[in-house]
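# A look at the structure
Now for the letters of each chain:
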Amino acid sequence: MDVVSLSTLLAAAAMAGWVDAVVGGGGLLLLPALLVAAPGVPVATALGTNKLAAIFGTATAAATYARRTKVDWRLAGPAAGVAVLSAGVGAALAGAVPASAYRPVVLVVLVAVAVFVLLRPRLGVVAVPARRTRVRVVAAVGVAGVGIALYDGLIGPGTGTFLVLAFTTLVGADFVHGSAMAKVVNAGTNLGALVVFALTGHVWWWLGAAMAVCNIAGAVVGARMALRRGSGFVRVVLLVVVLALVAKLGYDQWVAG
């Protein structure tokens, strides 16, 4: 890998850390950058190396949120624990499930998410504690810790965004506190997937470590910015990331094939 490709990849890692810390979706930047910088790299190796960088960024962002705001550990903790196992299962299946099998479904979900957020301008701007019932908490743990975590192990881009939306819609968290819980769970999904990719030899350790340093830097800046600017800022970034994901997956589905 030449100096220009490496520099571009490290810059993408920093930007991905920022996006992940604010609202999730950093894989949208980092995975394509890794595949371009290292032509011919197996998809599983790209995913594993990305997880090595991402786990440091999400853990750093989670710690930053935890120091500066209240994290609902009774919800985020169990979801993160289940997510480690679910993401590991997803990573084990990563090579067996073609992108064409999930891409149309994810596209439909993302478009629905964009429309839903646009039509509900108050969603996530203020917390709605009344939604935090026992049934909804169990549902949130299941959706985040099983469904979304399994998806993260399989491919990943957009995981943090889905987690934020799960916590805001199901238990009424505002975007800042939803993002804080999402980082905790996302750290769990990254850990589960990384263990499986590492055991199967699909991690470039030195490159992943260099990317991790940049990812951490971006995560610190992103988490602090989200906390300082509040839920309205996170909502705007959320919409931008969702629309970018739709554009990327749509291009992969109908243009790149």
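Anything mentioned here points back to the structure above.
Just so you know, these numbers come straight off a predicted model, no measurement behind them.

This part is about the overall build of the protein chain. Along its length, the protein chain carries ten helices and zero strands. Shown N-terminal to C-terminal, the secondary structure of the protein chain runs as helices and strands in the order α-α-α-α-α-α-α-α-α-α. Radius of gyration (C-alpha) of the protein chain: 17 Å, near the 18 Å computed for a compact globule of 257 residues. Oriented by its inertia axes, the alpha-carbon framework of the protein chain measures out at about 50 × 35 × 30 Å. Looking at the protein chain as a whole, 54% of its 257 residues qualify as buried. For the protein chain, long-range pairs separated by at least 24 residues make up 82% of all intrachain contacts whose partners lie at least 6 apart in sequence. With the model as given, the accessible surface of the protein chain reaches about 11000 Å², and the carbon-plus-sulfur share is 72%.

Attention now moves to helix α8 (residues 175–199). Since there are 3.6 residues in each turn of an α-helix, residues three or four apart along the chain are aligned in direction. Here α8 spans 35 Å end to end across 25 residues, near enough to the 36 Å set by a 1.5 Å rise per residue. Of the residues flanking the end of α8, it is Gly201, one or two places downstream, whose phi is positive at about 75°.

Tracing the backbone shows Ala140 in helix α6 (residues 134–154). In the structure, Ala140 is positioned 106 residues away from Val246 in sequence and 24 Å away in space, judged by C-alpha atoms. Among all residues touching Ala140, those that are not within four sequence positions of it are Leu75, Gly145, Phe167, Leu170 and Val171.

Looking now at the packing of aromatic side chains. Under the definition given, this model contains two aromatic pairs. Ring centres of Trp18 and Phe233 lie 6.2 Å apart, and the angle between their planes is 80°; this geometry places the pair in the edge-to-face category. In this pair, Trp18 is assigned in helix α1 (residues 3–22) and Phe233 in helix α10 (residues 231–254), connecting sequence segments 215 residues apart. When sorted by exposure, Trp18 lands in the same class as Phe233, which is buried. Each ring, one from Tyr151 and one from Phe162, has its centre 5.8 Å from the other, and the planes form 70°; the classification is edge-to-face. Here Tyr151, found in helix α6, pairs with Phe162, found in helix α7 (residues 159–171); they are eleven residues apart in sequence, far enough to count as distant. For the pair formed by Tyr151 and Phe162, the shared burial category is buried. Above the face of the Phe233 ring, Arg229 is positioned so that its terminal group lies 5.3 Å from the ring centre.

Criteria and cut-off values
Every residue gets a number counted from 1 within its own chain, in the order that chain's sequence is written. Thresholds applied to this predicted model are a pLDDT of at least 70 for local features of residues and 80 or more for the giving and counting of side-chain atom pairs; totals over whole chains, interfaces and linings are not thresholded and use all residues. Values shown for side chains rest on all heavy atoms present in the structure; no hydrogens or waters enter the calculation. Secondary structure elements follow DSSP: runs of H or I no shorter than four residues count as helices, runs of E no shorter than two count as strands, and numbering proceeds from the N terminus. Atoms considered for the radius of gyration are the C-alpha atoms alone. The globule rule reads 2.2 Å times the number of residues to the power 0.38. Burial status follows relative accessibility: with a 1.4 Å probe on protein chains alone, a residue under 20% of its type maximum counts as buried, one over 50% as exposed, and anything between as partly exposed. Any two residues whose heavy atoms approach within 4.5 Å are treated as being in contact. A 1.4 Å probe and the Shrake-Rupley method give the accessible areas. Residues count as covered only by the protein chains that appear here. For a helix, the expected span equals 1.5 Å multiplied by the number of residues minus one. Working definition: rings of Phe, Tyr and Trp (its six-membered ring) pair if their centres are within 6.5 Å, and the pair is stacked with planes under 30 degrees apart, edge-to-face with planes over 60 apart, and tilted otherwise. Charge-over-ring contacts are defined here by two conditions on Lys NZ or Arg CZ: a distance within 6 Å of the ring centre and an angle within 35 degrees of the ring normal.

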